[in-house]
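# Architecture and fold: a report
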Amino acid sequence: MNSKTSILHVIGVFAFLLAGVTGALVCLHAQAQNAGRRPSNVEIATFPSAWTYRPGTPAPSAQNAMVASNCALATKAGVEILRAGGNAVDAAVAVGFALAVAYPEAGNLGGGGYAVLRMADGREAALDYRETAPAGAAPKMYIGRDGKPTDQSLVGHRASGVPGSVAGLLALLDKYGSMNRAQVMAPAIRLARDGVTVDAILRTSIAENADLIKRFAGAALFLPGGQPPAVGAHLVQADLAATLGQIAAHGSDGFYRGEVADAIAREMQRGGGILTARDLASYQPVWRDPLKGSYRGYGLLSMPPSSSGGVTVIETLNILETYKDVPAWNSALGLHRLASAFQRAFVDRNTSLGDPAFTKMPIQRMTGKAYAQSLRASLSDARAAATSTLKAIGSEGTQTTNYCVVDRNGNAVGVTTTINSLYGSGVWIPGAGVFMNNQMDDFTVQPGTPNQFGLVQGEANGIVPGKRMLSAMAPTIVLDSAGKVWMIVGGRGGPRIITAVVQAIVNAIDYRMPLADAVGAPRIHDQALPDVLEYEKDGVPADVIRALEAKGWKTRPGGTGSLTAIKRTIAGSKPAWEGLFDPRKHGLAAGY
Ligand code: GLY
């Protein structure tokens with residue numbers, strides 16, 4: 001096992017499969033707009049008897065507005081803003097800043113993310129605030145003298161891209177929010193300045209990542225006396241409170257210039273990093289048109305590149321839609337088709353996608369129905385195809401967290417944000433109180449060599465100064481046939497986000513599952529390479545696994561992403577929103 005592989009195992013298994021990306025969707029919808037709509041006509045699923053989650057478990061619901069995130073304090077911050085008259089975007093920004101304080105494993109100021117939103121007046125937007133490679137980055141910067149990748153794209157000062165979160169959250173607020181910075185940042189500033197009570201979730205998260213945290217300056221705060229804080233301890237983040245205060249007072253300049261930027265640049269230089277004050281001052285988020293698709297009459301709005309999430313979700317769903325019959329849920333035929341669709345979409349994803357500013361991509365073709373039909377021609381119900389036999393689309397030129405918000409006026413927001421691994425590179429900035437991302441590992445560090453998620457990627461995602469590294473984040477909004485927001489879903493878990501989002505949508509649409517079943521149902525995962533179909537332990541009956549193997553699949557138990565979601569429903573006889581954090585993880589869905 002080389003150093004890179006061992007990092008994959010140590011950090012990858014614990015930090016990434018369990019979620020290095022945190023996403024949140026904010027969906028706010030007007031009760032009045034939904035009045036009189038039909039019930040969602042759901043059917044309770046039947047799960048394998050050994051499966052951990054029971055079908056039919058109700059999800060929390062609320063009639064006006066809902067927030068779902070991986071962190072109870074962050075969800076409460078969002079609900080506080082909604083109750084104070086803020087819209088879904090105000091609430092989403094409040095959740096984002098609160099996550100940076102109360103959910104340090106993935107919430108962040110030192111990382112980046114993506115937001116997809118649909119306003120009640122019909123405006124749709126996507127914001128790309130992904131990190132960029134610093135000006136000093138170079139294509140082979142992570143290849144050691146022995147020709148093999150080092151662990152520097154994952155751990156320490158050289159692993160960070162230029163953070164985009166602060167610029168992104170403020171851009172969202174400026175364009176679509178209704179409140180001012182001080183209002184939406186108040187809950188986060190309070191949490192940092194007055195402190196949070198450490199609960200079992202936070203303590204466990206710090207304890208599980210203590211080996212990483214203790215290598216850098218954050219140890220003094222997060223591992224006092226060398227130990228994680230006890231449950232019930234009071235965690236005050238004074239440096240972070242000061243940084244948030246600078247941002248509230250000066251906007252983006254409070255982070256990207258001045259004292260905070262100087263503190264980041266100083267620590268980077270001290271530790272041998274490449275990120276400079278000039279990189280920080282140059283950072284800009286990018287507004288993009290959301291990627292549009294459809295699935296069996298429902299509309300889809302998702303994230304375009306620099307994330308691969310939307311393209312891969314839509315390409316997969318288009319392939320599935322070519323089948324007019326819907327096989328029984330969790331059957332060998334259903335899972336075979338699902339895995340075959342994932343496999344083909346990931347072959348294209350891994351070879352063709354990158355930052356649109358640097359890579360020409362056949363996005364329209366990849367997300368078109370005609371291309372899905374042509375892929376379908378290569379797909380047999382009887383046999384699996386080896387990934388090595390599949391052709392990529394071909395170029396025409398060349399732990400995370402998710403949250404969702406919907407408000408009483410019908411505005412909906414889905415956000416996924418990350419510092420990549422849990423606690424990012426481990427580097428914590430003294431004076432700024434910020435954990436830095438290790439997003440540089442999402443670039444193709446060496447073609448043909450897997451990254452921490454096992455993704456084998458190509459030149460389209462190579463390292464270039466100023467370029468955004470390809471992501472798998474996939475905040476997605478599903479619209480009903482009348483064009484109204486029906487579901488908001490996104491997740492954490494690297495490429496497992498994509499396969500989890502697809503399965504939640506398919507479960508809700510094809511199998512009419514209520515939200516808790518659609519999200520709690522066992523999942524599979526296939527990302528083309530490694531060429532193996534993974535399934536959640538106890539989630540797929542043994543005879544179905546045998547039938548899949550008889551079709552030629554290599555199978556093994558594996559992990560999945562962790563979702564947060566909101567979906568339109570009926571509570572009593574009234575229209576409402578149900579919200580959910582994935583039962584595989586933690587969080588809170590709440591509204592009013
Ligand atoms: N860092 C994981 C992703 O962006 O997909």
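In what follows, the structure referred to is the one given above.
What the protein chain contains, in helices and strands, is 20 helices and 22 strands. Since a compact globule built from 592 residues should have a radius of gyration of about 25 Å, the 22 Å found for the protein chain is in line with a globular shape. The C-alpha extent of the protein chain, read off along each of the three principal axes, is 60 × 60 × 45 Å. Residues counted as buried form 65% of the 592 residues belonging to the protein chain. The positive charge centre, built from 55 side chains, and the negative charge centre, built from 45, are 2 Å apart in the protein chain.

Now for the nonpolar core. Within the largest apolar cluster, 93 residues are counted, with the highest numbers of intra-cluster contacts made by Leu 317 and Ile 524. Considering every element that reaches this core, the biggest residue donor is helix α18 (residues 495-509), with ten residues. Sequence-distant contacts of Leu 317, that is, excluding residues within four places in its chain, are made with Tyr 295, Leu 300, Val 502, Ile 505 and Val 506. With 90 residues, the next largest nonpolar core counts Phe 216, Ala 248, Met 268 and Leu 422 among its residues.

Using the criterion set out here, one finds eight aromatic pairs in the structure. Taking the centre distance of 5.5 Å and the plane angle of 65° together, the rings of Tyr 176 and Trp 287 count as edge-to-face. You can see Tyr 176 sitting in helix α5 (residues 165-176) and its partner Trp 287 sitting in strand β8 (residues 286-288), a full 111 residues away along the chain. An angle of 45° between the planes, with centres 5.2 Å apart, marks the rings of Phe 222 and Phe 435 as tilted. By the burial criterion, Phe 222 is buried, and Phe 435 matches it. Among the aromatic residues, ring-to-ring pairing joins Phe 222, Tyr 423 and Phe 435 into one connected group. Against the face of Trp 287 rests Lys 175, its NZ or CZ located 4.8 Å from the ring centre. Positioned above the aromatic ring of Tyr 323 is the side chain of Arg 376, whose terminal nitrogen or guanidinium carbon lies 3.9 Å from the ring centre.

Take the sheet that holds strand β18 (residues 533-535) next. Here three strands make up an open sheet; going across it, the order is β17-β18-β19 and the pairing mixed. The open sheet has two free edges, formed respectively by β17 (524-525) and β19 (555-557), since each of these has just one partner strand. Relative to β19, β18 runs parallel, the two being bridged by three bridges. When the sheet's bridge partners are listed, Tyr 535 is paired in β19 with Pro 557.

Turning our attention to empty space enclosed by the protein. Its volume calculated, the largest cavity comes out at about 250 Å³. Taken together, 23 residues make up the lining of the largest cavity; nearest its centre are Gly 334, Leu 335, Leu 338, Val 506 and Tyr 511. Among the elements of the structure, α15 (332-352) and α18 are those that each provide at least two residues to the lining of the largest cavity. Sort the elements by how many residues they give to the lining of the largest cavity and α15 lands first, with four residues. By residue class, the composition of the lining of the largest cavity is 13 nonpolar, five polar and five charged.

In this section: the site of the ligand. Taken together, nine residues sit near the ligand, with Asn 420, Gln 439, Asp 442, Ser 471 and Ala 472 positioned nearest. One of the side-chain nitrogen or oxygen atoms of Asp 442 is found 2.6 Å away from a nitrogen atom of the ligand. Expressed as a share of its isolated accessible area of 200 Å², the protein-covered part of the ligand is 98%. By residue class, the composition of the shell around the ligand is four nonpolar, three polar and two charged.

What counts, and where the lines are drawn
Just so you know, the residues in each chain are numbered from 1, in the order the chain's sequence is written. Totals for whole chains, interfaces and linings use every residue, but because this is a predicted model, local features are given only for residues with pLDDT of at least 70 and side-chain atom pairs only at 80 or more, for both listing and counting. Only hydrogens and water are set aside when side-chain values are computed; all heavy atoms of the structure are taken into account. Each helix is a run of DSSP H or I of at least 4 residues and each strand a run of E of at least 2, with the numbering of both proceeding from the N terminus. Two things to know: the radius of gyration comes from C-alpha atoms, and the globule rule equals 2.2 Å times the number of residues to the power 0.38. With a 1.4 Å probe rolled over the protein chains alone, any residue whose accessible area is under 20% of its type maximum counts as buried; one over 50% counts as exposed, and the rest are partly exposed. Neither His nor the chain ends contribute to the count of charged residues, in which Lys and Arg are positive and Asp and Glu negative. Lys charges are placed at NZ, Arg charges at CZ, Asp charges at CG and Glu charges at CD. Nine residue types can take part in a nonpolar core, namely buried Ala, Val, Leu, Ile, Met, Phe, Trp, Tyr and Cys, and a core is a set of them joined through side-chain atoms within 4.5 Å. In what follows, a contact means two residues having at least one pair of non-hydrogen atoms within 4.5 Å. Aromatic pairing here means that ring centres of Phe, Tyr or Trp (its six-membered ring) are within 6.5 Å. Orientation follows from the plane angle: under 30 degrees is stacked, over 60 is edge-to-face, and everything else is tilted. A ring is scored as having a charge over it whenever the NZ atom of a lysine or the CZ atom of an arginine sits within 6 Å of its centre and within 35 degrees of its normal. By the convention used here, strands pair only if DSSP detects at least 2 bridges between them. Points on a 1 Å grid, built from protein atoms alone, make a cavity when a 1.4 Å probe fits but cannot get out and make a pocket when they are open with protein on both sides within 12 Å along at least 5 of 7 lines; residues with an atom within 4 Å of a point are the lining residues. Grid points are joined across faces, edges and corners, and a volume is the space filled by probe spheres set on the points. Ten residue types, Ala, Val, Leu, Ile, Met, Phe, Trp, Tyr, Cys and Pro, are classed as nonpolar, four, Asp, Glu, Lys and Arg, as charged, and the remainder, Gly among them, as polar. Note on terminology: near, applied to a residue and a molecule or strand, indicates that one of the residue's heavy atoms is within 4 Å of it. Any N or O atom pair separated by 3.5 Å or less is treated as a polar contact, with the protein-specific requirement of one donor-capable and one acceptor-capable atom, and with residues adjacent in sequence counted only for side-chain atom pairs. Under the convention used here, a 1.4 Å probe and the Shrake-Rupley method define accessible areas, while residue burial counts only the protein chains that appear.

Nothing here speaks to function; it is geometry throughout.
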